[in-house]
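A look at the structure
Listed below are the residues making up each chain.
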Amino acid sequence: MQKNTQESDCQLTIRFLGSYREIVGWGERTITISKPAIRLSQLLVHLRQVLPEGAKVFASRDKLIAVNHEVITRECTIEAGDEVAFLPPITGG
Amino acid sequence: MVFQHILLQQRQFDQNEEAKTQLQAINNCGAMVSFSGYVRADTGVKELFVEHYPGMTESSLARIVEKAKDMWPVLGVTLIHRVGALFVGEPIVLVITSCSHRQDAYNANRFIMDSLKTDAVFWKKETMLVNGCLESCWVESTNSDIRARREWENIS
């Protein structure tokens, strides 16, 4: 049964680009977290549980994580409406 | 006022038209350098797919152009990069730089191209003919691209 979205929930957009999109099998999806905000490390733990198809990507040491189009290099807080993207190493133009 | 034109597009570009547009928009141009990159037929490559991340890729291109403008007295810069499926022999990227003097125009142009190879948010997938069958694989960054980009770090 689908859970209704509560006021304390937050919706996030999860994206996989390039080879990661092919590994996972989709490029963009909206997920709901049952709290208003979440630390990035906690989100990764959550995604490992709910997106088993992303296991190889989450385990990759080469991956870049971008939040709202900015590459993140340290812990941060993810809030409602944020877009979290998993990027393989860029190959440039 | 520096002329600046940055664009991502699927369709082909007209190099002469873009150069003309830039030249008409700037004053007292002493040197214009135009570089076009094409899809090579390396190791049986038949098609190149260029993937970008809308929003983030445009920001990465803008940052590269801003750095070039900080480092050289640029009068005009045009950067057009194609995305999507491209075939061998087709143009993929256009960089036009204008300055008062040729050395600055050359340097700014080469800096933008070298930076594109390492800092622009693109992923490329090559489709090639291997033993009569088409195979696709994602391209990885090359050491020569990274070395070329690092050369500029020593002077910036």
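To keep things clear, this report deals only with the structure shown in the data block. As the structure is a prediction and not an experimental result, all values here were calculated from the model. (Residues numbered from 1 in each chain as written. Chains lettered and ligands numbered in written order. Predicted model: local features only at pLDDT ≥ 70, side-chain atom pairs only at ≥ 80, totals over all residues. Heavy atoms only, no water.)

All names here are of chain B. The 4 strands lie next to each other as β1-β4-β6-β2, forming an open sheet whose pairing is mixed. The open sheet has two free edges, formed respectively by β1 (3-9) and β2 (31-38), since each of these has just one partner strand. Looking at each pair of strands side by side, their axes are set apart by 5° on average, direction ignored. Lying on the sheet, helix α2 (residues 56-71) is in contact with β1 and β4 (74-82); it crosses β1 at an angle near 150°. Where helix α3 (residues 102-119) meets the sheet, it contacts β2, β4 and β6 (91-99), and its direction lies at approximately 150° from that of β6. (Pairing = 2+ DSSP bridges. Helix = DSSP H or I, 4+ residues; strand = E, 2+ residues; numbered from the N terminus. Axes fitted to C-alpha atoms, helices over the stretch in contact; angles between N-to-C directions. Contact = heavy atoms within 4.5 Å.)

Next up on the list: unusual backbone geometry. Residues and elements named next belong to chain A. Within the chain, Asn 68 stands out as a residue other than glycine whose phi angle is a positive 50°. When you line up the elements, Asn 68 lands in the loop between β4 (64-67) and β5 (70-71). Its identity is not glycine, yet His 69 carries a phi of approximately 75°, on the positive side. Its place among the elements puts His 69 in the loop between β4 and β5.

All names here are of chain A. Applying the stated criterion across every chain yields a total of 10 salt bridges over all chains. Between Glu 28 and Arg 15 there is a salt bridge, with the nearest N and O atoms lying 3.8 Å from each other. Here Arg 15 lies in strand β1 (residues 10-16) and Glu 28 lies in strand β2 (residues 28-33), a separation of 13 residues in the sequence. What emerges from the salt-bridge pattern is a single network uniting Arg 15, Glu 28 and Glu 83. (Salt bridge = Lys/Arg side-chain N within 4 Å of Asp/Glu carboxyl O.)

Below, the discussion takes up α2(B). Taking 1.5 Å per residue as the helical rise, α2(B) with its 16 residues ought to reach 22 Å, and the 23 Å between its terminal C-alpha atoms agrees with that figure. When α2(B) is considered as a whole, its buried residues turn out to be Met56(B), Thr57(B), Ser60(B), Leu61(B), Ile64(B), Val65(B) and Ala68(B). (Expected span 1.5 Å × (residues − 1). Buried < 20%, exposed > 50% of the residue type's maximum accessible area, 1.4 Å probe, protein only.)

It is worth spelling out the interface of chain B and chain A at this point. Contacts between the two partners involve 22 residues from chain B, matched on the other side by 19 residues from chain A. Interface area lost by chain B to chain A is led by Tyr53(B), Met56(B) and Trp123(B), which between them contribute 39%. At the junction of chain B and chain A, the tally comes to 3 salt bridges. Its salt-bridge partner being Lys125(B), residue Glu22(A) comes within 2.5 Å of it at the nearest N-O pair. Here chain B is connected to chain A by 14 residue pairs in polar contact (both at pLDDT 80 or more). Sorting the residues of the side of chain B that touches chain A by element identifies β3 (45-52), α2, α3 and β7 (122-130) of chain B as the ones contributing at least two each. Class assignment for the residues of the side of chain B that touches chain A results in 10 nonpolar, 5 polar and 7 charged. (Buried area = accessible area lost by both parts, 1.4 Å probe. Polar contact = N/O pair within 3.5 Å; in protein donor to acceptor, adjacent residues only side chain to side chain. Nonpolar A, V, L, I, M, F, W, Y, C, P; charged D, E, K, R; others polar.)

Our focus in this paragraph is helix α2 (residues 40-50) of chain A. Looking at α2(A), one finds that the buried residues are Leu40(A), Leu43(A), Leu44(A) and Leu47(A). Looking straight down α2(A), one finds that the buried residues subtend no more than 100° of arc, so they occupy a single side. (Arc of directions from axis to C-beta.)

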